[in-house]
Structures are given as C-alpha cells and as structure tokens.
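# Structure at a glance
Below are the chains, spelled out letter by letter.
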Amino acid sequence: MAVDITLSVNGVPYPLTVDPHASLLHTVRGDVGLTGSKEGCDDSECGACMMLVDGRPVNACSYLAVQADGSDVTTVEGLSDGETLAPLQEAFLTRGGVQCGFCTPGMLVSATALLDRTPNPSEDEIRTAVSGNLCRCTGYDGIVKAIAAVAAERAAQG
Amino acid sequence: MSVIDTPAQGSSTPERPRAFIRPDGKEKVTGLGRYTADLTFTGQLHAAFRYADHPHARIVSIDTSRAKALPGVFAVVTHEDVPDVRYGGMTQDRRLFAKEKVLWEGDVVAGVAARTVEIARQAAALVEVEYEVLPAQPDYVANMAPDAPVLHEGWAEYGADENLVRDGNVMSRYVIAKGDADAAMAGADVVVKSHYVSDASQGVPIEPRALVAQWTGDSVTVWSSTQVPFAARSGVAHTLQIPESKVRIVVPLLGGGFGSKCDFHFEAHVAILAKVTRRPVRLVFTRKEEFVAPDHRREGMDIELETGVTRDGRIVARRGRMVLDKGAYTGEGGFFAQMAAMHACGPYKLDTVRVEAFLNYSTNQPAASIRAPTAPQACWALEQHLDEVAAAIGMDPVELRRRTLVAEGDEGPAGQVFEKIGAKETLEAALELIGYDAYLRGELPDDEAVGVACGWWPCFGVPSGAYVKLNGDGTATIVTGAQENGSGSVMGLPILAAEILGMSPSDFSINYQDTDAGPWDMGSSGSQTTFNNGRAVVEAAQEVRAKLLAMGAEKLEADVADLELADGTVRVKGAPETSVTIADLAGTGEPILGKGSGEVPEAAASDASACVGSLGMESFLAPQLITHAARVKVDRDTGVVRVLDFAAAHDSGVIVNKVGADGQVYGGVMMGIGQALTEATWTDEEGRQKNPGLLDYKLQTASDGPRIQIRWIEIETPNAGPKGSKGVGEPPSVPTSGAVGNAIAKVIGRHVDQLPMTAERVWLAANSPAGEDQ
Ligand code: FES
Ligand code: FES
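Residues numbered from 1 in each chain as written. Chains lettered and ligands numbered in written order. Predicted model: local features only at pLDDT ≥ 70, side-chain atom pairs only at ≥ 80, totals over all residues. Heavy atoms only, no water.

### Quick look at the overall build of chain B
When helices and strands are counted, chain B shows 18 helices and 28 strands. If one aligns the C-alpha atoms of chain B with their principal axes, the spans along those axes are about 80 × 75 × 55 Å. For chain B, the proportion of its 774 residues judged to be buried stands at 65%. By sequence separation, contacts in chain B at least 24 residues apart represent 79% of the contacts at least 6 residues apart. Total accessible area computed for chain B in this model is approximately 26300 Å², and 49% of it derives from carbon and sulfur atoms. Computing the positive centroid from 72 side-chain charges and the negative centroid from 103, chain B places the two 3 Å apart. (Helix = DSSP H or I, 4+ residues; strand = E, 2+ residues; numbered from the N terminus. Buried < 20%, exposed > 50% of the residue type's maximum accessible area, 1.4 Å probe, protein only. Contact = heavy atoms within 4.5 Å. Areas by Shrake-Rupley, 256 points an atom, 1.4 Å probe, with all protein chains shown as cover. Lys, Arg positive; Asp, Glu negative; His and termini not counted. Charge placed at Lys NZ, Arg CZ, Asp CG, Glu CD.)

Encoded structure:
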C-alpha cells in the first residue's frame, strides 16, 4: 500500500515511504519534520499550508505527497537560511505584516511566487495573489505594503 | 491632545520601515516558531470527542465498551471518570462531559485517546449513547415565555454570582435606568422606534485550537492555544479537583483568538485522558470543530430601540428592550446583558434612560466574548436607529451626533461624569478623512454613499503582575503573566521598560505565557494587556531603576538626584562621562529584580440605584471613543455591497506602540466589515450549524479590502493605562457595521434590519415597497 517517493524539500532530498492518500502538508510536517507550513482548514480554503511545488504555489493540504514525487518543494523554511532574512520576511516584520503569524508562512510563499512571476505588481495584482491566503489579524494592510515595498526596492536596484 | 495620522494603504510610495520589530517576529517569518499543533511528544496519543447527537436530549445511557474494544484505543472517558462538579464564569451550569442532558450540538459526551487520530475518531463514533430526544429550543426570544420549557431544570441550585437576576431560561436580566423615561418619551417632539436583529457570528482564528497534556507524577502540564492561561489553569484545577500548583499551562505561539480562545475550554478533557492513559495526549481541532465545538461565538441579538427627541436634536428619552442568545451555557459571558444595554445607550447625552436586556438560554452554541462582545451588534442597531431619528427631525445625521455626543463634564447613562475624552474629535476626524463634505455636495455617483457611526468601549482595570530582572551582561528579562494573542501588546512591553531604564527595547527578552513563571493575569482579553500589564511592567522597572540609581550613586560617589539612566548606563546628569554601565552593576552576581502590579484604576462614580441586576458596569473606565465612516457602493440589481473607502478615528488615549495599534485597527475594521456583510453562522431549525467551514462562512480576503485611513486622537487620559493610554484591540470592530449600514441605507433609501447585511437582505430591503417590513 505504501509508496516510495523522493521529495526534494528546500533543496534537501528525502526518500520517503508514504500512504498514497497522505497530503503533502502532513508529509512535510510529519515525516520531513518541517512544521513552518500550517494547517488552517485542510480544505483549500485558507492558504496557511501554501508551498511551492516546482515554483508553483499549491495548497499542500489538498495536494498528495505522491503527486510531488520528484519535485522541488519549497516551504517557508526554505525562503532564507534562517539567519539573514529574505527581503519579504524583513518587510513583513517592519511593515506590520505579522501579528499572530499563523497565516505568515503561507502568505510569504504566495508573495514569493508572485514576485518571481510578476516582479513589479500593481496593488490589485498583489491583493489578488494573496486572496487565497486568509489573515484574520492584519486586515492585509501590512502584508500588501510589505510586498509592494520589496517589489519597489527590487525595481530601484534594477 | 495630539493627532497622528496613518496614511491609507495603497499609496504608491511604500512607507519607510519603522524601528520596532516585534521580538517574536523572526521565528514567525522563518517558520521556526512553534505553535501548539507543531509540538509532538514521544509516545503521544491522539484525542477525539463524541459530540451530542441531538441539540437537546436527555441521556439515558452511555456504553463505551465497543469503543474501548477497538484496537489502538487506550481510553474512553465520560462524566463517570471525572469529579462531579459544574463550572462556568458567573453561573456554574456546565460539566466537562454531559451527564443528564445534552444542550447543544457541541456538548461533549465522551472523549477518546488512541494511537492515531483516525482510530480516535472511529472509536468516538462507536460510543453508544441512548437518548430521550427533547425538542430543540433555538429561539432565544421565545425561551423567555412563561410556558417555555426550562432548559436547565436545576438552575436555581447552580452556584452563581449573587448580583445576577436569574429566572429559568433568563440567565441574566438587567435594566439600566435614569430619570423617568416613560414620562419624557410622552413629552418628546418626535419619537422613533426601530427593531433590529443580528445573527450569531464567529471569531475564526486561522489557527484551529490545539492542546497537549502530559503528567509528571501528580502534576500536569497542558500546552494550549488559549488566550487566558490562568483561567485555563483554574478550570483544570476546579474540574479535576486538584490544586492550582499541580497545573501548569504553557502557551506556545498563539495563532490568533479574537476572544474565541478566551475562557477555560478543553484543557481538562485532554488532561484527564492523559492521566488515564499515562501518556501525553494531543488534540488538534479540525476547522469544522473550531466552528462548532467551542462554547464561544458572537451572540445573536434582538434589539428594540425607541428614542424621543426635540426638533433641535436633544435626546430626551431612550428606551430599549434587548434579548441576547446565551446559548446552552454561561461560560464567561454572564455580563453580556449589562454590556449590551450600555451599547444601546452609546456615548451620547441622554436625559432619561430605561433599557432592559435579557440574556437567555437556548439550545444553541453558547455565546461568549468575541472581540468587543455585544458591542458591534448593539452599536449597529443604535447607529442606524440614530440615522432614522435624524431623518425624522430633518437633520443631517452627523449634525445630530455633533449635538449629542458626550464630552468632558457630560454625564453617562447612569450619571458617570466623563473626564477628558475625544468623542467629538473622532467624529470630525473621520468626516475629514472620508471627505464627508464632498459627499454632502453630491459629488458621489448615486450608487455610492457615506455612512457614519460612533461607538465606545470601556477599559477593564484588573490586577496584573510582572517581574523585571537584569542579566549579568546588562540585558534584561521581563517575566510576565500576560498573554500575547498576536496583537503585539506583550511584544510592546519592552518599550515601556526600556524607557524607564535607559535601555533599548531590543535589550529585553520576554518570558510569558507560562502559569508557573509570571504572576496572575487576566490574559489577552478585554484589550487589557497594555492597560494593566503595562502598568505592572512600569512598576517593576521602576523598582529596578531605583536599585540601579542607588548602586550607581555609591559607585560614582554621587547623589541619586544627580543621576540619570541613559544608553545602558547610570550617569551624572550633564556629565555623561561620569558613568557606570548597567552591565557593570548587574554583573556582580547580586540579583537586581523588580516586581510590579501597580494600582488598579477605578471607574468614575455612577448611580446604579435605579438599575436592576447591576454588575457594576454602568460607568465605563477610561472609555475609548470611536467614529467610523464608510463609503460604500451598492449594486441595486444584486444587493452586493462593496466598501470602497474607510476612515477610522479613535481616541485610545496615548498610543504606546503605533505599529501595533494601527494593526489592530486594520484587522478590526476588516473583521467588522466581514460581520457587516457576510459573516454569520447559519443554522437549521434545530440550531445546528449549516456553514462550519471557511468556504461558506466567508471572511474578507485581501481583494475585498477597502482603503483604510486611521487617525489617533491622542489624549493623555487621566486614570488610565501607562502614559495615559487606553485599550486598542476591541474598539476597531465596534461601529464598523453601523457605518456600513448607514451608508447602505443612504443608497437604497431604507435600513437593512438584519445583520449581516448580505446581498440578499440588501436586495430585499431595496426592493420591498415603502412602509413594508422585509
Ligand atoms: S490548510 Fe490548506 S488551504 Fe487551509
Ligand atoms: S497574522 Fe494572524 S492570521 Fe495573519
């Protein structure tokens, strides 16, 4: 019943034996042991579990681990080396984008995907890009400002 | 008084980063921080509950044998496995596990601990419960009829606060009265009556609650996503009949609460399972459980208001009758009747008052504190009612508020005389930010309008404690009983201590959310952390300061009066080179600690002699004043409302941590807009939730957000928190739906009398013939 797969999570390969029904989220939080990605609904409704699979943002709660076999998976833990923060992480902190922080990992992953694909987004594009990520604390203001600020900094640096 | 503005979101030039970074920030953005559900323990078991199968039924028998026989099950517990005690805030009306009756769909009948979550849930389903099914009684208004069956048959014997006026299904009746409202109403130029009804709604933290319990000997530690660790501790101690010294509650990072994680909830259930199995036991709620199982939602409310005015806008009488849905149990919401009545009065000059409020039992999910409990609904009704009053005397609704809002020296509804407050200033500020003049000049399209609403919320003065201790290298640690819910209020405590000690906020670590470490605190509820724990930290830091000055005086051979603390040193004023570093003083090994609680401020005197069932809230301590103004667009064909622009002007006293305070307003306003337009718990005819999920219970998303502008009216408030501060967290949701409702009414020509004001309800109001009820 169990299936052998290899997940590359944040650049590290993990050979794993998983239940065919196991979600990518449970596999990464449980078997891989990276708990940065959160479970807010287990039903594709909140975005707290957002990961990049080969650069594409997915709700990992509703994505099977076996579907990600052989893929590159990026979680919030992979956005920086943990010492020096990535510009988005820094900006979320300085601009009030983080309160309880439970939505933050998913938000940061969505924002990373957005800026990879659309380096200079409009405010509407930012809001649309994170509209699958629910935040109950911040009213999204600090989050939107943080993403805009990073985009502007990058544009300024050319 | 000073005024600080926060530019609207959406400005194309991003703001400069601000200096203060919350101490828990790095762990949150890197994903390395641990929330409760991130903890795992060797040998842990998983818990699941068997919930009531009917909203109202007598339990005839419970048979756990089949559940226990399932391989992988370690324990199944029921009321027989715990001491036979009831618990609850102002009325002790609930047991951990239902015994005689179940009273709502979330009542817990049995708990299971098993090797996996799946086995635990399977076993919970195998518990055989025989019921005598009784008719559900979800209609909380009908439940006060004399012939309505009494839900808590033993209510009269329950332990209860002696000030509560209780009677059968009426858990609490309250009347606020001043003067002869009946006579004054009869003499008014114009009398307006309104009836508004609000559905129940939910707090919806993005983190579903999680708990892990582990025993060592006779002591239990419970890691819990609670907003109130000390209340959780007393709940465990009381229901399991063990001393508080044997219970330790630790809160890992908390993923939001908004009130829903206040009160003692499931800590004892998990503790008893861990005790019986002698294993760590973990419980993590599904999103559906997070909606259905906590005894905690925003109460449904039926509100009748009547106001008598003179033609020039003097309110000569206010009468009201409010009925609130308490649901099955009291929890910590026993004071809601009184709080609701205060919000039916509002921050207005009223010559006479008589508002009666009933808090009734039903077979619905219990209601308890959600961000400013009772206020958003009552304020929504009152503020729309006031617009109706203004229309009846042909006055602009803003002008009516200008004439009736309270100011320094005015009287509250039970005679409280207000000290310096900024109610009127918030009104003018919000009008300016939203561009009310342009609206009055008719510069908006005819499907847009601006609505304005005012509101208030008290501060709660309660004891609180903290320690400040210096480390040998000149850094410091704050040990506090306070709880951080995400708002940043605990994270902001170093700002207060740093200023007193001439240190930098980043020199401080914080030890918090552990009942074995910090002194008792009420928890992250009532917007009270800065107000009360801030005061405690200030006092503790003052004690450390006094010690440092004395040590410095000896070292520098100077007089204490000539010394100051700055830049991490004790130095002579005017001669900074004559100094000794705090590190030198603290590094000797002699402990330098301070403890603090501070004197609890008290509310102004009031006269409750004409009130019934008073719990002492007729006078609001350090009231926070708010005006919200919303510009909305209404699609008349579909009823869909969009909030385009929003202004929030707040008097929360002096603002201690602006990033944190702004964040509360942005988040609170968005929550308020959700409550105004989409958020409701829909139920079937028996009170079962029909939308316990995030697809059907619709929160606002980033795409829904309007432009939000904030202005702080900063008044150094007497008799308040540190530096003249007041609370910040709850007021931002108070007048939001009232402002949105008044704007909608201006577009469609009538007030929507049900909350939330969904597209369907707006469409019906817009399309029903004048003079007819929807
Ligand atoms: S947990 Fe995956 S979307 Fe909510
Ligand atoms: S910061 Fe709490 S949910 Fe977003």
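### Some thoughts on the interface of chain B and chain A
Contacts between the two partners involve 55 residues from chain B and, on the opposite side, 46 residues from chain A. For the pair chain B and chain A, the summed buried surface comes to about 4000 Å²; carbon and sulfur atoms form 57% of the total. Linking Arg136 of chain A and Glu679 of chain B is a salt bridge whose minimum nitrogen-to-oxygen distance equals 2.7 Å. Secondary structure elements with two or more residues in the side of chain B that touches chain A: α1 (25-30) and α16 (658-677) of chain B. Sort the elements by how many residues they give to the side of chain B that touches chain A and α16 of chain B lands first, with seven residues. Broken down by class, the residue content of the side of chain B that touches chain A amounts to 23 nonpolar, 21 polar and eleven charged. (Buried area = accessible area lost by both parts, 1.4 Å probe. Salt bridge = Lys/Arg side-chain N within 4 Å of Asp/Glu carboxyl O. Nonpolar A, V, L, I, M, F, W, Y, C, P; charged D, E, K, R; others polar.)

### Some points on the pattern of salt bridges
Residue and element names in this part refer to chain B. On inspection of all chains with the given rule, the structure shows 51 salt bridges over all chains. Between Glu132 and Arg58 there is a salt bridge whose closest N-O contact spans 3.8 Å. On the criterion of sequence distance, the pair formed by Glu132 in strand β7 (residues 128-133) and Arg58 in strand β3 (residues 57-63) is long-range, its members being 74 residues apart. Here Glu132 falls in the partly exposed class, since its relative accessible area comes to 40%. Given a relative accessible area of 28%, Arg58 falls into the partly exposed group. With a closest N to O distance of 3.1 Å, Glu153 and Arg58 form a salt bridge. Taken as a pair, Glu153 in the loop between β7 and β8 (170-178) and Arg58 in strand β3 lie far apart in primary sequence, 95 residues in all. Residue classification places Glu153 among the partly exposed positions, given a relative accessible area of 47%. Residues participating in the shared-partner salt-bridge network are Arg22, Asp24, Lys28 and Glu484.

### A few points about the packing of aromatic side chains
Residue and element names in this part refer to chain B. Tallying each qualifying case throughout the model produces 13 aromatic pairs over all chains. Look at Tyr196 and Trp380: their rings are 5.1 Å apart centre to centre, the planes differ by 75°, and that puts the pair in the edge-to-face class. Pair noted here: Tyr196 is in strand β9 (residues 190-198) and Trp380 is in helix α9 (residues 375-392), with a separation of 184 residues, a long-range link. Among the residues examined, Tyr196 registers a relative accessible area of 2% and is labelled buried. Among the residues examined, Trp380 registers a relative accessible area of 0% and is labelled buried. The structure contains a cluster of three or more aromatic residues connected by ring pairs, namely Phe49, Tyr51, Phe266 and Phe285. (Phe/Tyr/Trp six-rings, centres within 6.5 Å; stacked < 30°, edge-to-face > 60°.)

### Considerations on the layout of surface pockets
In this structure, the second largest pocket encloses a volume near 1200 Å³. Lining the second largest pocket are 38 residues, and of these His26 and Glu39 of chain A together with Val117, Glu118 and Arg282 of chain B sit closest to its centre. At the level of secondary structure, the elements contributing two or more residues to the lining of the second largest pocket comprise α1 (24-32) of chain A together with β2 (45-51), α3 (117-126) and β13 (281-284) of chain B. Take the lining of the second largest pocket: its biggest share by element is five residues, from α1 of chain A. Considered class by class, the residues forming the lining of the second largest pocket number twelve nonpolar, 13 polar and 13 charged. (1 Å grid on protein atoms, 1.4 Å probe; cavity = no way out; pocket = protein on both sides within 12 Å on 5 of 7 lines; lining within 4 Å. Points joined across faces, edges and corners; volume = space filled by probe spheres on them.)

### Topic: the environment of Ser224 of chain B
Residue and element names in this part refer to chain B. Tracing the chain through its elements places Ser224 in strand β11 (residues 219-224). The class for Ser224 is buried, based on a relative accessible area of 2%. Sequence separation between Ser224 and Thr277 is 53 residues; the distance between their C-alpha atoms is 19 Å. At a separation of 2.8 Å, a polar atom in the side chain of Ser224 contacts the side chain of Glu267. (Polar contact = N/O pair within 3.5 Å; in protein donor to acceptor, adjacent residues only side chain to side chain.)

### Focus: empty space enclosed by the protein
Over the atoms a probe the size of a water molecule is rolled, and this reveals where empty space is left. Throughout the structure, instances matching the rule amount to twelve cavities of 30 Å³ or more. Of the pockets and cavities examined, the largest cavity occupies roughly 170 Å³. Along the walls of the largest cavity sit 15 residues, with Gly96 and Val98 of chain A together with Arg22, Val659 and Gly660 of chain B positioned nearest its centre. Looking at the lining of the largest cavity, the elements with two or more residues in it are α2 (87-94) of chain A together with α16 of chain B. Of the residues forming the lining of the largest cavity, the biggest block, three residues, is contributed by α16 of chain B. Looking at the lining of the largest cavity, its residues break down into six nonpolar, eight polar and one charged. Of the pockets and cavities examined, the second largest cavity occupies roughly 110 Å³.

### Details of the domain arrangement of chain B
In many analyses, interface size is given as the accessible surface area lost on bringing the parts together. Residue and element names in this part refer to chain B. Splitting chain B by domain gives domain 1 (37-134 + 209-284), domain 2 (301-461 + 605-767) and domain 3 (466-596). Computed from C-alpha atoms alone, the centre-to-centre distance between domain 1 and domain 3 is 40 Å. If you look at the interface, domain 1 gives 16 residues, while domain 3 gives 17 residues. Taken over both partners, the interface formed by domain 1 and domain 3 buries close to 1200 Å², and the fraction arising from carbon and sulfur atoms is 50%. In terms of surface lost to domain 3, no three residues of domain 1 exceed Gln227, Phe230 and Arg248, which account for 45% of the buried area on that side. Inspection of the domain 1/domain 3 interface yields one salt bridge. Taking the shortest distance from any N to any O, the salt bridge between Arg248 and Asp514 comes out at 2.7 Å. Where domain 1 touches domain 3, the interface holds five residue pairs in polar contact (both at pLDDT 80 or more). When contributions to the side of domain 1 that touches domain 3 are tallied by element, the ones reaching two or more residues are α5 (229-240) and β12 (247-250). (Domains from an automatic or database assignment.)

### Here we look at the sheet that holds strand β23 (residues 575-581) of chain B
Residue and element names in this part refer to chain B. Taken in spatial order, the three strands of this open sheet run β21-β22-β23, and their pairing is antiparallel. The strands lining the two open edges of the sheet, one partner per strand, are β21 (563-566) and β23. In this sheet, adjacent strand axes meet at a mean angle of 35° when their direction is disregarded. Here β21 runs beside strand β22 (residues 569-572); their pairing, made up of four bridges, is antiparallel. Opposite Leu565, over in β22, you have Val570 as the bridge partner. (Pairing = 2+ DSSP bridges. Axes fitted to C-alpha atoms, helices over the stretch in contact; angles between N-to-C directions.)

### Thoughts on helix α14 (residues 529-556) of chain B
The terminal C-alpha atoms of α14 of chain B, which comprises 28 residues, lie 38 Å apart, in line with the 40 Å expected from a rise of 1.5 Å per residue. Immediately beyond the C-terminal end of α14 of chain B, within one or two residues, lies Glu557 of chain B, with a positive phi of roughly 50°. (Expected span 1.5 Å × (residues − 1).)

### Some details on the sheet that holds strand β16 (residues 353-361) of chain B
All names here are of chain B. Reading across the sheet, the six strands line up as β8-β16-β15-β14-β9-β28 and stay open at both edges, with mixed pairing between neighbours. The two strands at the open ends of the sheet, each matched to only one other strand, are β8 and β28 (754-755). Pairing geometry for β9 and β28, over two bridges, is parallel. Looking across to β28, one finds that Ser198 is bridged to Leu755.

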